[in-house]
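Overview (structure and organization)
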Amino acid sequence: MASNNTENQPPLSPPLSTRKPSTRNAIHAFFTPRHRARAPLGEVSTTSSTRNVSGPQTAAASPATPVSTSAVVLAKNVHLLSPEDSPSNRLSKKARRNLFPSDTKENFSKEPLFAEMPKSVKGKKLFAEASTGEKSAGVFGDEEKKEEKVVKERPKRIRPTTANRVLMRMLGSGSMTGARSVGGHHCLDWRYEVEGFYSRPEDVHLVYTPEQKPALPFTAAACHQNSLVGIGDESGGVRLLETEKDLAPGFSKVYLGIICHDNAVFDISWSPDDHQLATASGDQTARVFDVATQTCTNVLVGHRSSVKQAAFNPRNPSILSTCSRDGNIHIWDLRCVGTPSSLGNHITEHKPVNSILLAHSEPTPRKASARAEVSVTAVTWMINKDNTIATACEANSCIKIWDIRSTHSKRKHPLAVESSATPAHHQGPRHRPFGLNCLSLSPDGTRMYAMCRDSIVYAYSTNHISQGPIHGYTHPRLHASTFYVKCSVSPDGGLLGTGSGDGIAVVFPTDERYLDGNLYSSGVLHPEDGGPVVGGPESTTTSNKKKAGGSLQAANYLKVGKGTALVRGHEKEVTDVTWSVGGELVAISDDLQVRCWRNDDEGVKAEELRVGGEEEGRRWGWGWAEKGN
């Protein structure tokens, strides 16, 4: 019985032969299936060579061995190449040469035929083309067309970080990818950075004195360690506002008010720890206040005209610098012994420890020692350079770097450590110089932004400031019609905000990959240049190009950055702007309003305001960012 059961089952696989196959009957391992069903050789003799049929083993086993139906079906699906069909056979090689006569030895790769192919090659084709310009046919025939595909990575939206931006600027490149070119990137869109700003009706603060009289705001400065923002007005008061969303008492109400001067406050500056507040006033003095007690502690006396700006040293809160319309720059040290002030018993009056007289004035032709007073409009401390300050004036766009340890004499013209070159389009007999309104330094200290009267914000490299501006930022609705229009950089250095005489605030992304050298090369003019409205039918005529100044001329020499306007928030000129620690933009305007702009919902609310319409008063009291082009 056991023998009968064994005979009904299909035979097992025969043992491996110890005889080495000759070249004639060898079958390539690539074309031989590793796992196949074994069946009697008589069933597959129709597709195999004559050796399997004529052998004595086949003739003896064929009539005596019963074969199951499943084994026969499996055996018919197996196809073994004969030695004549093997790729190693010379006859098959000759047949392929006759079939593909264009293939030569040079067209085939020197690599093995069955070498492991790479899974993906970034940006390159998997199969190279032949030197003759035609695609090599190869052994695979039509399957080659499926393989000839460019492997592309899926585009991902990249938001630049401060760490990457600082690293690439230290390496001498403005691009986060390491390339020196500032061309566009397929994954980047500058509009994603700035189109999400909006302002609610409760984000508006009206500036009034304690006597309920309107007061014009002049300056705005945010604290370094908290979400408060200080606003200085023409009545001499400074009020603190809370910029945090939905936090009491809200932005529309005063968090804290301090009466600082009897004249207008033109500028305020916070100490690094936010414990002290310095003010620059039109009464020719600067004062320092203790914020906790709301009292004045020091009075800085020495200027002969209105003080334009005051700035704390970011590394030493006891040292300050001020500039004035009299053209002088003073350095103050609060640790020095002063004299009691007439304003109070606990107030100390200080004299400057160092002065740079007539810093931006040039000697007159008649008398070398006589110099005209040129107002110094801005002063700021250099972060990456110790004991140095940068100043600007109203006469031209030259920025000067000073060492506060150097002594200067009234009889000699003061010499700056370094001076910047003026923009190329400001030079020449047909062009006039433009003054600078303010200076703003990036958090990493590598870029300095200067608001110019030609309605362009110029960017300078602090390590090579003598070479002049490296690029600029402008907008068709950006008009620096007065010296009160200023700019400010966000705490992370990613955004640049400016005011405008057109009743709007403008926001620019500072990432240098967004710069465009052809932005205004088509002849689009600004209204203050005497040209038509942007996009008008006469915007590209020859007569209007001759009248062009500002951005059209700057685009011939510099890369220009794009930005978007924040509309429906103000009715008159927007003068000063500042950034809170949370990323909110606070702008002041001549319409007695202070407005807070937010970008905290990835642009959802701003998009609703842009496309929602005016039905049912849904836009009343709101402001939003325009859609960029």
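Residues numbered from 1 in each chain as written. Predicted model: local features only at pLDDT ≥ 70, side-chain atom pairs only at ≥ 80, totals over all residues. Heavy atoms only, no water.

1. Here we look at the overall build of the protein chain
Looking only at helices and strands, one finds 11 helices and 33 strands in the protein chain. Across the 629 residues that make up the protein chain, the buried fraction comes to 46%. Taking all contacts inside the protein chain whose residues are at least 6 apart in sequence as the whole, residues at least 24 apart take part in 57%. Put simply, the protein chain shows about 34,200 Å² of open surface, and 52% of that area lies on carbon and sulfur atoms. (Helix = DSSP H or I, 4+ residues; strand = E, 2+ residues; numbered from the N terminus. Buried < 20%, exposed > 50% of the residue type's maximum accessible area, 1.4 Å probe, protein only. Contact = heavy atoms within 4.5 Å. Areas by Shrake-Rupley, 256 points an atom, 1.4 Å probe, with all protein chains shown as cover.)

2. Here's the deal with the sheet that holds strand E18 (residues 388-393)
Pairing within the open sheet is antiparallel, and its 4 strands lie in the order E17-E18-E19-E20. With one partner strand each, in any of the chains shown, strand E17 (376-381) and strand E20 (418-419) form the two edges of the open sheet. Pairing analysis gives 5 bridges linking E17 to E18, with the strands arranged antiparallel. Note that in E18 the partner of valine 376 across the bridge is cysteine 393. (Pairing = 2+ DSSP bridges.)

3. Considerations on unusual backbone geometry
Here the amide bond leading from alanine 248 into proline 249 is cis, since omega sits at 5°, within 30 degrees of zero. Note that proline 249 resides in the loop between strand E5 (237-242) and strand E6 (256-259). One non-glycine residue, glutamine 294, adopts positive backbone phi at about 60°. Secondary-structure assignment places glutamine 294 in the loop between strand E9 (285-290) and strand E10 (295-301). Phi at leucine 358 is positive, roughly 50°, even though this residue is not glycine. Examined against the element boundaries, leucine 358 turns out to sit in the loop between strand E16 (354-356) and E17.

4. Looking at the nonpolar core
Counting 22 residues, the largest nonpolar core has Tyr449, Met451, Val457, Tyr473, Cys487, Leu496 and Phe508 as its most contacted members. Excluding its chain neighbours within four sequence positions, the residues that come into contact with valine 457 are Tyr449, Ala450, Met451, His471, Gly472, Tyr473, Cys487, Leu496 and Thr498. (Core = buried A, V, L, I, M, F, W, Y, C linked by side-chain atoms within 4.5 Å.)

5. Considerations on the side chain of histidine 350
Its place among the elements puts histidine 350 in strand E15 (residues 348-350). When its relative accessible area of 3% is taken as the criterion, histidine 350 is described as buried. Within polar-contact distance, the side chain of histidine 350 engages the side chain of asparagine 298 at 2.8 Å. Apart from the residues within four sequence positions on either side, histidine 350 is in contact with Asn298, Val299, Leu300, Val301, Trp332, Asp333, Leu334, Cys336 and Gly338. (Polar contact = N/O pair within 3.5 Å; in protein donor to acceptor, adjacent residues only side chain to side chain.)

6. Examining helix H11 (residues 604-612)
Helical geometry note: an α-helix holds 3.6 residues per turn, so side chains three or four residues apart project in the same direction. Those residues of H11 lying buried are Ala606, Leu609 and Arg610. Buried residues of H11 fall within an arc of 100° about the axis and therefore sit on the same side. Its buried side turned inward, H11 meets strand E1 (198-199) and strand E33 (623-625). Looking one or two places after H11, you find glycine 613, whose phi comes out positive at around 90°. (Arc of directions from axis to C-beta.)

7. Here's the deal with the packing of aromatic side chains
Within the structure shown, the criterion is met by 6 aromatic pairs. Note on phenylalanine 197 and tryptophan 579: the rings are 6.1 Å apart at their centroids and 65° apart in plane angle, and the pair reads as edge-to-face. Of the two residues, phenylalanine 197 sits in the loop between helix H8 (191-194) and E1 while tryptophan 579 sits in strand E30 (residues 574-579), which places them 382 residues apart along the sequence. Taking relative accessible area as the criterion, phenylalanine 197 reaches 1% and is therefore assigned buried. Take tryptophan 579: its relative accessible area is 5%, and that puts it in the buried class. Feature note: the residues Phe218, Phe266 and Tyr484 constitute an aromatic cluster, connected by ring pairs. The residue whose ring lies beneath arginine 595 is tryptophan 597, and the NZ or CZ to ring-centre distance is 5.9 Å. (Phe/Tyr/Trp six-rings, centres within 6.5 Å; stacked < 30°, edge-to-face > 60°. Lys NZ or Arg CZ within 6 Å of the ring centre and 35° of its normal.)

8. A closer look at the environment of aspartate 189
Mapped onto the elements, aspartate 189 comes out in the loop between helix H7 (162-170) and H8. Remark: the alpha-carbon pair of aspartate 189 and arginine 513, spanning 324 residues in sequence, is separated by 9.7 Å. Polar side-chain contacts of aspartate 189 include one of 3.1 Å to the side chain of arginine 191.

9. Description of the confidence of the model for the protein chain
Overall, the prediction assigns the protein chain a mean pLDDT of 76, with 63% of residues at 70 or greater. Across residues 70-76 the pLDDT falls below 50, and counting only partners more than four positions away or on other chains, this stretch makes 7 contacts in the model. (pLDDT = per-residue confidence, 0-100.)

10. Overview of the pattern of salt bridges
Overall, the coordinates contain 23 salt bridges when judged by the stated rule. When the shortest N-O distance is used, the salt bridge between arginine 598 and aspartate 203 registers 3.1 Å. Of this pair, arginine 598 sits in the loop between strand E32 (593-597) and H11 while aspartate 203 sits in the loop between E1 and strand E2 (204-206); the two residues are 395 residues apart in sequence, bridging distant segments of the chain. Each member of the pair, arginine 598 as well as aspartate 203, is classed as buried. For lysine 245, the salt bridge goes to aspartate 600, with nearest N and O atoms at 3.5 Å. On the criterion of sequence distance, the pair formed by lysine 245 in the loop between E5 and E6 and aspartate 600 in the loop between E32 and H11 is long-range, its members being 355 residues apart. Connected through shared salt-bridge partners, Arg200, Glu202, Asp203, Asp246, Glu584 and Arg598 make up one network. (Salt bridge = Lys/Arg side-chain N within 4 Å of Asp/Glu carboxyl O.)

11. Remarks on the pairing of strand E31 (residues 585-589)
Here E31 lies mainly inside the structure; 5 of its 5 residues are buried. Judged by which residues are buried, E31 turns out to be covered on both faces: Leu585, Ala587 and Ser589 on one side and Val586 and Ile588 on the other are all buried. Relative to E31, E30 is paired through 4 bridges, and the arrangement is antiparallel. Residue pairing for E31: threonine 578 is matched across the bridge by valine 586. The hairpin formed by E30 and E31 contains 5 residues between the paired strands, and glycine 583 there has a positive phi angle of roughly 95°. As paired elements, E31 and E32 share 4 bridges and run antiparallel to each other. Of the residues in E32, the one forming a bridge with isoleucine 588 is valine 594.

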